There are 4 protein chains.
Amino acid sequence: MTSQELRAFVIDFFNNKMPFNQLLGFTVSHLHSEHVEITLVWDDKLMGNPVHKILHGGVTAAILDTVGSLAALIYGINGLTDENAVKAFYQQLPDGGTLDMRVDYLRPGKGDEFVATAQVIRRGNKIAVCRMDLHNHNQLHIATGTGTYVI
Amino acid sequence: MTSQELRAFVIDFFNNKMPFNQLLGFTVSHLHSEHVEITLVWDDKLMGNPVHKILHGGVTAAILDTVGSLAALIYGINGLTDENAVKAFYQQLPDGGTLDMRVDYLRPGKGDEFVATAQVIRRGNKIAVCRMDLHNHNQLHIATGTGTYVI
Amino acid sequence: MTSQELRAFVIDFFNNKMPFNQLLGFTVSHLHSEHVEITLVWDDKLMGNPVHKILHGGVTAAILDTVGSLAALIYGINGLTDENAVKAFYQQLPDGGTLDMRVDYLRPGKGDEFVATAQVIRRGNKIAVCRMDLHNHNQLHIATGTGTYVI
Amino acid sequence: MTSQELRAFVIDFFNNKMPFNQLLGFTVSHLHSEHVEITLVWDDKLMGNPVHKILHGGVTAAILDTVGSLAALIYGINGLTDENAVKAFYQQLPDGGTLDMRVDYLRPGKGDEFVATAQVIRRGNKIAVCRMDLHNHNQLHIATGTGTYVI
């Protein structure tokens, strides 16, 4: 399995095999060590507050956790030899990997489309710390977060 | 509107008028100042990790945010005169009210049913801090969180 | 080295060998797995705000971090055989062990004396999550925190 | 009082009138809306861990809280008319203003000198969210944090 094939495999896994990602409509749109990105198109089912038509805070938390765990995962499996990579991937599936997360809600979650990005800011043997951000299609900064992940 | 009617109104709003709560299957099961509780029955669509069959971390974050915001909201509208209560409720709808939240994932989110509870631990004029917990049907402590809310 | 001797050793280390603990006046007053406690007597040098005479937020953060790391450490070295305990203690000295911490400032830090306590709420092989609280001599809840520690 | 005089007044207050800042040796080295900076020279009294000679985690938390509160304060008093500015400053003294803070310890706190910086990332009427960073004299990223402040 080449690194390109592994990337395609992970993207397929997140987009098509993780039921909650599909339920919410998350799409992994970039997956490289230095640029991990998930996009989300507005859907009325994602509203918390129907009066103001904004994303439920749980959607924001979910997409930040997911993009952060993906960044930690990619960092963790990066550089593995081919035969170990898939095994490592399965062992490090991200939901089990989040230790804790902080989310700051900066602006109401309004928009036609949203983009979540993540960067690894601490790179230990076992632990990664990621910073995550959510912007809408107008580049408004909706939320930011910090997550600690086991890798 | 009596306080009993207001409580019924808020429960109905959270259970039936907030689309994301319905999508996930959240049910407000207790709503008193000292005991706020949301229950969630396992559904495969809530899985993050299909290998281990555990809740997506975003579901955990969403239910903790929701139960915390509900506790802050109930505290905030408590003691309002009847005519002001509904207006206050609409102005303080919880998604807009979360400033920030920390979630700690203590154990894998396995279970047939989950119960999220919240307590207000800081009671200011404008700001409430809540502590939230998620247990499964076996009383295993799945997650804990702390949230800061505008009330 | 008996477990009683190890406890005395750790208490002496925190109270007398960690310069910043001495500078601030921290005293470890209880050290058991289920009850870890640090006391602090008011001193004007600990003020942040001389107008209102309250503790600097950094003092609150420092005592919460310290009591949490102590709880994690005691949990980590608990049950070690005698010959491994001191070695383990040195390897796990707490400042290097904090991954992240959240502090919530609930009330102004006023008081003649303060008591910080901690409980371990997640007990993994490598990671402990602790909840910490700070009260003053009148049992007022000054602050709460959550910390993630490598053990 | 001109804005230049107010800046000098705030710097003097933080550097010379806040006892805990003096105890630790914090020096406000830049104070503009877009660039707030506190420097700290290594001193053995700031050690948590004398074995590894690193900063106590509480020092890191204290300097991050202080630089974040300063950034929030400067944003808050910016643009005030002269006669209101000093009064507002006294009423908004920063220690009372921190609601909550997360600190992530990224690397051991080693260095001859440390620089803490802060940016305001949410600018509400009453609430500011700041991101804070601590680097050593070699530009190594020691810690990062996020704080929520009442302004």
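As the structure is a prediction and not an experimental result, all values here were calculated from the model.

Let us look at the overall build of chain A. Secondary structure summary: chain A contains four helices and eight strands in total. In sequence order, chain A lays out its α and β elements as α-α-β-β-β-β-α-α-β-β-β-β. If you take every contact in chain A between residues at least 6 apart in sequence, the share linking residues at least 24 apart comes to 62%.

Residues and elements named next belong to chain A. With nine of its 10 residues buried, strand β8 (residues 141-150) lies for the most part within the structure. Note: strand β5 (residues 98-105) against β8, seven bridges, orientation antiparallel. Bridge assignment links V103 to a residue of β8, and that residue is G145. With nine bridges joining them, strand β7 (residues 127-136) and β8 adopt antiparallel strand pairing. Among the inter-strand pairings, A128 is bridged to a residue of β8, identified as Y149. Hairpin connection, β7 to β8: the antiparallel pair is bridged by four residues, and Q139 has positive phi, about 70 degrees.

As a further point, take the environment of V28 of chain A. All names here are of chain A. With respect to the helices and strands, the residue V28 is situated in strand β1 (residues 27-32). Considered as a pair, V28 and K126 are 98 residues apart in the sequence and their alpha carbons are 24 Å apart. With residues near it in sequence (within four places) discarded, V28 still touches I11, F14, N15, I38 and L70.

Here we come to the sheet that holds strand β6 (residues 113-123) of chain A. Taken together, 12 strands build an open sheet; the order of strands is β1(A)-β2(A)-β6(A)-β7(A)-β8(A)-β5(A)-β5(B)-β8(B)-β7(B)-β6(B)-β2(B)-β1(B) and the sheet is antiparallel. This sheet does not close on itself; its edge strands, each paired only once, are β1 of chain A together with β1 (27-32) of chain B. Put simply, the sheet's adjacent strands are angled 15 degrees from each other on average, direction ignored.

It is common to give the size of an interface as the accessible area that goes away when the parts come together. The partner chain D presents 36 residues to the 36 residues of chain C that form the contact. Elements with a minimum of two residues in the side of chain C that touches chain D: α2 (19-24), β3 (47-49), α3 (57-77) and β5 (98-105) of chain C. Residue composition of the side of chain C that touches chain D, grouped by class: 19 nonpolar, nine polar and eight charged. With five bridges joining them, β5 of chain C and strand β5 (residues 98-105) of chain D adopt antiparallel strand pairing. Of the residues in β5 of chain D, the one forming a bridge with R102 of chain C is R102 of chain D.

This next bit is on unusual backbone geometry. The phi angle at K53 of chain B is positive, at roughly 55 degrees, despite the residue not being glycine. Relative to the helices and strands, K53 of chain B resides in the loop between β3 (47-49) and β4 (54-55). Positive phi, normally seen in glycine, also occurs at Q139 of chain C, with a value near 65 degrees. Checked against the element boundaries, Q139 of chain C lands in the loop between β7 (127-136) and β8 (141-150). Under the C-beta neighbour-count criterion, Q139 of chain C is labelled exposed, with 8 such atoms within 10 Å.

Before going further, it helps to examine the confidence of the model for chain A. Note that predicted coordinates carrying low pLDDT should not be read in detail. When pLDDT is averaged along chain A, the result is 88, and 86% of the positions lie at 70 or above. Complex prediction metrics read pTM 0.93 and ipTM 0.91.

In this section: the relation of the copies chain C and chain D. Mapping chain C onto chain D calls for a screw motion: a turn of 180 degrees about the axis and a shift of 0.0 Å along it, with 0.0 Å RMSD after fitting. What the superposition gives is, in effect, a two-fold axis relating one chain to the other. Among all residues of chain C, the minimum C-alpha distance to the rotation axis is found for R102 of chain C, at 2.1 Å. A share of 100% of the interface residues of chain C reappears at the interface of chain D, consistent with the copies meeting face to face through the same patch.

About the thresholds
Residues numbered from 1 in each chain as written. Chains lettered and ligands numbered in written order. Predicted model: local features only at pLDDT ≥ 70, side-chain atom pairs only at ≥ 80, totals over all residues. Helix = DSSP H or I, 4+ residues; strand = E, 2+ residues; numbered from the N terminus. Contact = placed C-beta atoms within 7 Å. Buried ≥ 20, exposed ≤ 12 C-beta atoms within 10 Å, placed from the backbone. Pairing = 2+ DSSP bridges. Axes fitted to C-alpha atoms, helices over the stretch in contact; angles between N-to-C directions. Nonpolar A, V, L, I, M, F, W, Y, C, P; charged D, E, K, R; others polar. pLDDT = per-residue confidence, 0-100. Least-squares fit on C-alpha atoms with pLDDT ≥ 70 in both.

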